[in-house]
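The residues making up each chain are set out below.
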Amino acid sequence: MSEVLMSRLSWQEYARRIAAGAVVFLPVGALEQHGPHLPLGVDAMLSTDVAVGVAQRVGGVVAAPLNYGYKSQARCGGGQCFPGTTSLDAQTLISFVQDVIRELVRHGARNIVLVDGHYENQWFLTEACELAWRELGASTPELRCMRTEYWDFCGIDVLDPMFPGGFPGFALEHAALIETSMMLHLHPDLVDLSLLPDDGPAEFPVYDMFPQTGHGVPPSGVLSSARGAKAEYGATIFETVCNGLAAAVGEAFKAG
Ligand code: ZN
Ligand code: MN
């Protein structure tokens, strides 16, 4: 398998691939608590793994990931009250991504995919794409940006058999069965199943309160049970996501 990480390519090799029309993937994650059994970097690791898997399938290049993300929210990431959850202001995230897109375009990239691994990032990545187009669209009308949350490529038909109690929805899947299974498949040395908590599923009101207090968030930070997580589920989810996103990239960036 040829190298796809931009940080490991020489400038000449990068230039050659861009000139050949390679799609550039930018993984965006977070530095955020993921319960006692997973490390803080899960969202960046998994979005990078997916970007690499897809880039290998479509002949793309993966730009250096953004390892920080927008502020964790109680109802989908456990919130800001956990040590280690180290987050960006929205404006910083938008500007960072807009800067990277501008630089990629300056050297000839025209097809760019933002691979989001952290729920809270999504509208700010959307804004970065909108502002990048407003800035660059007139001079580079062939520029196309895709923004995606990788888990959306794993359909309920694949997930259902993995959740005997019923799939709780992606928002509550924080540090839970999907992320734990994917980590068991991709980074087993970073998972400690002996520390799996029994918390959850969390029950939240349908509103958010500020300042954040952690109200309603289980003490472990896990929003629904990761019990039943398996490396083989992780492999199935990973393959499904990579194949689905690769197909979407082929469709979205079709010439013409
Ligand atoms: Zn996560
Ligand atoms: Mn997250």
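Our structure's up above, just so we're on the same page.
Let's shift gears to the overall build of the protein. The secondary structure content of the protein amounts to 8 helices and 4 strands. Computed over the C-alpha atoms, the radius of gyration of the protein is 18 Å, within 12% of the 18 Å expected from 2.2 N^0.38 for a compact globule of 256 residues. Summarising its shape, the C-alpha atoms of the protein cover approximately 50 × 40 × 30 Å along the three principal directions. Split into buried and exposed, the 256 residues of the protein put 50% on the buried side. Taking all contacts inside the protein whose residues are at least 6 apart in sequence as the whole, residues at least 24 apart take part in 75%. A total of about 11800 Å² of accessible surface is found on the protein, and carbon and sulfur atoms cover 56% of it.

A few words now on the nonpolar core. In this structure, Phe25 and Val50 are the most contacted members of the largest nonpolar core, which totals 40 residues. Sorting the residues of this core by element identifies helix H2 (42–58), strand E3 (111–116), helix H6 (156–159), helix H7 (177–186) and helix H8 (231–252) as the ones contributing at least two each. For this core, the element with the highest residue contribution is H8, accounting for 8 residues. For Val50, the contacting residues outside a window of four places in its chain are Val115, Tyr150, Met182, Phe238, Val241, Cys242 and Leu245. Ala63, Leu93, Ile94 and Cys129 belong to the second-largest nonpolar core, a separate cluster that totals 30 residues.

With distances of 2.0 to 2.3 Å, the protein atoms coordinating the manganese ion (ligand 2) are Glu32 (OE), Asp43 (OD) and His118 (ND1). One chain supplies every donor to the manganese ion (ligand 2), and in sequence these donors are spaced E-x10-D-x74-H. The two metals, the manganese ion (ligand 2) and the zinc ion (ligand 1), are separated by 3.4 Å and share Asp43 as a common coordinating residue. In this pair, Glu32 sits in the loop between strand E1 (24–28) and H2 while His118 sits in the loop between E3 and helix H5 (122–136), placing the two residues 86 residues apart along the sequence.

A few words now on H8. Across its 22 residues, H8 extends 31 Å between first and last C-alpha, which sits within 8% of the 32 Å expected from 1.5 Å per residue. Three or more residues of H8 are buried, namely Tyr233, Gly234, Ile237, Phe238, Val241, Cys242, Leu245, Ala246 and Val249. The secondary structure elements touched by the buried residues of H8 are E1, H2, E3, strand E4 (144–149), H6 and H7.

Moving on, we come to the packing of aromatic side chains. Applying the stated criterion across every chain, the model contains 5 aromatic pairs. Ring geometry for Tyr70 and Phe124: centres 4.5 Å apart, planes at 50°, overall tilted. A residue pair is termed long-range when its members are at least 10 positions apart, and Tyr70 in the loop between strand E2 (61–62) and helix H3 (74–77) and Phe124 in helix H5 qualify at 54 residues. Relative accessible area serves as the criterion here: at 18%, Tyr70 is assigned to the buried category. Taken together, a centroid distance of 5.1 Å and an interplanar angle of 70° make the contact between Tyr150 and Trp151 edge-to-face. This pair shows no difference in class: Tyr150 is buried, exactly as Trp151 is. Through pairs of rings, three or more aromatic residues link up here, namely Tyr119, Tyr150 and Trp151.

Reading the values: rules and limits
- Residues numbered from 1 in each chain as written.
- Chains lettered and ligands numbered in written order.
- Predicted model: local features only at pLDDT ≥ 70, side-chain atom pairs only at ≥ 80, totals over all residues.
- Heavy atoms only, no water.
- Helix = DSSP H or I, 4+ residues; strand = E, 2+ residues; numbered from the N terminus.
- Rg over C-alpha atoms; globule rule 2.2 N^0.38 Å.
- Buried < 20%, exposed > 50% of the residue type's maximum accessible area, 1.4 Å probe, protein only.
- Contact = heavy atoms within 4.5 Å.
- Areas by Shrake-Rupley, 256 points an atom, 1.4 Å probe, with all protein chains shown as cover.
- Core = buried A, V, L, I, M, F, W, Y, C linked by side-chain atoms within 4.5 Å.
- Donors = N, O, S within 2.8 Å, 3.2 Å for Na, K, Ca; no water.
- Expected span 1.5 Å × (residues − 1).
- Phe/Tyr/Trp six-rings, centres within 6.5 Å; stacked < 30°, edge-to-face > 60°.

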